[in-house]
Amino acid sequence: MALSQKLLIRQSQALVMTPQLMQAIKLLQLSNLDLTAYVENELERNPLLERSGEGEEGPAVENGAAPEGGPAVEAPNGEPQSGDWLGQELETSRSAIEDRLDTGLDNVFPDDAGTPAEAPPRMPDPAGYSEWSGVGPGGRDSGEYNLEAFVSAEVTLASHLADQLTLAIADPVRRMIGQHLIDLVDEAGYLMGDLASIADKLGAPLAEIEAVLTIVQTFEPSGVAARNLAECLAIQLKELDRFDPAMQVLVAHLDLLARRDLAGLKKLCGVDDADLVDMIAEIRALNPKPGLALGTTMVQPMVPDVFVREAADGSYAVELNADTLPKVLVDQSYYGVVSKTAKNDGEKSYLNECLQTATWLVRALDQRAKTILKVSTEIVRQQDGFFAYGVQHLRPLNLKTVADAIGMHESTVSRVTANKYMATSRGIFELKYFFTSSIASSDGGEAHSAEAVRHRIRQLIDGEAANGVLSDDTIVEMLRTAGIDIARRTVAKYREAMKIPSSVQRRRERQTPMGVG
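The structure contained in this document is the topic of the report that follows. (Residues numbered from 1 in each chain as written. Predicted model: local features only at pLDDT ≥ 70, side-chain atom pairs only at ≥ 80, totals over all residues. Heavy atoms only, no water.)

1. Examining the overall build of the chain
- Scanning the chain for helices and strands turns up 22 helices and eight strands.
- For the chain, buried positions account for 31% of its 517 residues.
- Partitioning the intrachain contacts of the chain with sequence separation of at least 6 by distance along the chain shows that 58% fall at a separation of at least 24.
- On the chain, roughly 33400 Å² of surface is accessible, and the fraction owed to carbon and sulfur atoms is 53%. (Helix = DSSP H or I, 4+ residues; strand = E, 2+ residues; numbered from the N terminus. Buried < 20%, exposed > 50% of the residue type's maximum accessible area, 1.4 Å probe, protein only. Contact = heavy atoms within 4.5 Å. Areas by Shrake-Rupley, 256 points an atom, 1.4 Å probe, with all protein chains shown as cover.)

Here is the structure:
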């Protein structure tokens, strides 16, 4: 076989991942918070980017009037305009006042025609208040006060324990050990760490660590700095003076309490049914996470990216949340100014790169908004039954159905629906919530959504009577009667995903005293 060299021309199509395309794909899958952080970073790096609304001039000054809170405006001849009486010197002589009024003072003030010289001398203006235009109401600076700056800071669990440590322990060594233990307390109030390793790290005897921990465990909130749930409950019971021998046995066998083995607990504790019910009620009244009472961080509500509202004609209007869309512009005027001052090719290349990056970012943000709106509109069209009647009318939907309807690729739809939320009259839902698998119909009709089937299972269990707990097999039969072809293991999987106990556990809860609220 002979080897030879040839020149060939071949025409082909290939998708090239340009930096602009990679940027558009990256922006598409970002949440609104991540997108805001990304745009803020670009605003810092790129001098040709500016927020929409920046650089606008203030209100024009007309008719020589002074702007609110600003200095007086002078006329072209240098004299103050009418109304700027603060800038004028007051006449104090009688003749000057009469010349100005064009009449005698006797005609103006007949009862008080004294000589102005008899009036007390005018006090000079304080040096700090020579510019009256800079003084606000009450003589304070015209700057606005931030009322939030005067709100007391939230007391955290660590600071609350540290304050008590200062009062409880005077020895500096023990106080240092106590502060180290406080630093290891998590937000729920439990001590995270082994005492032996803590003693080895601090170079202190284990007995000393345990003694300081005993003191810390007496702090408020009750039950703090416990190493496990049993110790947390025991600390609270000791403060209530209810940690008797029977209660000690009950706390030591919380696993039996979780399994609702009341017969075994009665045998171990040596009490009757009434006493056991009272003991369980006392356990339930305790706080298993005492640390959450202090310094809890408020969960911020999810900000939706899309709003869905019902129109007057019964259809649904879909619109983007303008507050979550970064508003940036390319500052062409600034580019025109600085491009004329570029001295070498490096500076020109840098400016051109900044202009290109800014232009592509604005285009990518606009394309992202249009894509989200297009995908959301198609989701609302596909799931109109959910918006009208509820979750039981949720239809099976996959990414390919939406992608084919709007002429996009499945991967694009997947990126759009990631970390995006839709506000509806029924609540705020992630866009991926509307994509559910299908469950076949037993009568050959339209398939059912998996989310709708889960909702049906929860409704059946919530409506069961105390003496008629539904087993998984019974639920399967009821669903098949309703036209849903589902297996028993699928019912069990959905039930466990919704954290619903089995029929045996539910029957035990309803038939034992522990089931009473």
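Now, onward.
2. Overview of the packing of helix α6 (residues 172–183) against helix α8 (residues 206–216)
- Interaxial distance between α6 and α8 falls to 9 Å at its minimum, and their mutual angle equals 70 degrees. Judged by the angle between their axes, α6 and α8 are roughly perpendicular. The hand of the α6/α8 crossing is right-handed. Residues R174, I177, G178, L181 and I182 of α6 form the contact with α8, whose own contacting residues are E208, I209, A211, V212, L213, I215 and V216.
- Classifying every residue of the contact of α6 with α8 by side-chain character gives nine nonpolar, one polar and two charged. (Axes fitted to C-alpha atoms, helices over the stretch in contact; angles between N-to-C directions. Parallel < 35°, antiparallel > 145°, perpendicular 65-115°, else oblique. Left-handed = near helix turned anticlockwise from the far one by under 90°. Nonpolar A, V, L, I, M, F, W, Y, C, P; charged D, E, K, R; others polar.)

3. Details of a nonpolar patch on the surface
- Together, L15, M17 and M22 line one region of the surface with nonpolar side chains, adding up to about 350 Å² of accessible area.
- When you line up the elements, L15 lands in the segment before α1 (19–28).
- The exposed category is assigned to L15, whose relative accessible area is 73%. (Patch = residues over 30% accessible without salt bridge, like charges linked within 9 Å, V, L, I, M, F, W, Y side chains within 5 Å. Salt bridge = Lys/Arg side-chain N within 4 Å of Asp/Glu carboxyl O.)

4. What about the pairing of strand β3 (residues 316–320)?
- As paired strands, strand β2 (residues 306–310) and β3 are joined by five bridges and run antiparallel to one another. Within β3, the position partnered with E310 by the bridge is Y316.
- The antiparallel hairpin formed by β2 and β3 contains five residues in its connecting segment, where G314 sits at a positive phi of about 95 degrees. (Pairing = 2+ DSSP bridges.)

5. Section: the environment of S333
- For S333, the location among the structural elements is in helix α14 (residues 332–339).
- Between the C-alpha atoms of S333 and L48, which are 285 residues apart in sequence, the distance is 9.2 Å.

6. Here's the deal with the environment of L21
- With respect to the secondary-structure elements, L21 resides in helix α1.
- L21 gets classed as partly exposed once you look at its relative accessible area, which sits at 29%.
- Along the chain, L21 and W360 lie 339 residues apart, while their C-alpha atoms are 9.4 Å from each other.
- In this structure, L21 is in contact with L15 and V16, ignoring residues within four places of it in sequence.

7. Here we look at the sheet that holds β3
- Taken in spatial order, the four strands of this open sheet run β3-β2-β5-β6, and their pairing is mixed. In this open sheet, the two strands that pair with only one neighbour each are β3 and β6 (427–430). Looking at each pair of strands side by side, their axes are set apart by 25 degrees on average, direction ignored.
- Relative to β3, helix α15 (residues 345–382) is tilted by about 160 degrees, and along the sheet it contacts β2, β3 and β5 (421–424).

8. Some points on the packing of aromatic side chains
- Tallying each qualifying case throughout the model produces nine aromatic pairs.
- Between Y316 and F387, the aromatic rings sit 5.7 Å apart at their centres with planes inclined by 45 degrees, giving tilted as the arrangement. With a gap of 71 residues between them, Y316 in strand β3 and F387 in helix α16 (residues 384–389) connect regions that are remote in the sequence.
- Look at Y316 and you get partly exposed, because its relative accessible area is 22%.
- For F387, a relative accessible area of 5% gives the class buried.
- Arranged with centres 5.3 Å apart and planes meeting at 80 degrees, the rings of F386 and F387 form a pair that is edge-to-face. Like F386, the residue F387 is buried in the burial classification.
- Connected via pairs of aromatic rings, a cluster forms that spans Y316, F386, F387, F429, Y433 and F434.
- Its end group placed over the ring of F307, R309 keeps NZ or CZ at 5.0 Å from the ring centre.
- A cation over an aromatic ring shows up here: R454 above the ring of Y494, its NZ or CZ 4.9 Å from the ring centre. (Phe/Tyr/Trp six-rings, centres within 6.5 Å; stacked < 30°, edge-to-face > 60°. Lys NZ or Arg CZ within 6 Å of the ring centre and 35° of its normal.)

9. Description of helix α12 (residues 262–269)
- Turning to α12, its buried residues number three or more, namely L262, G264, L265 and C269. With its buried residues spanning 160 degrees around the axis, α12 presents them on a single face. Opposite the buried face of α12, by more than 90 degrees, sit the exposed residues A263 and K267.
- Against α10 (245–252), α11 (254–258) and α13 (273–284) lie the buried residues of α12. (Arc of directions from axis to C-beta.)

10. Here we look at the packing of α15 against helix α17 (residues 399–406)
- Running from N to C, α15 and α17 point in directions that differ by 115 degrees, and their axes come no closer than 10 Å. You can see that α15 and α17 cross each other, and the crossing is right-handed. Where α15 approaches α17, its residues K374, V375, E378, R381 and Q382 are matched on the opposing element by T401, V402, A405 and I406.

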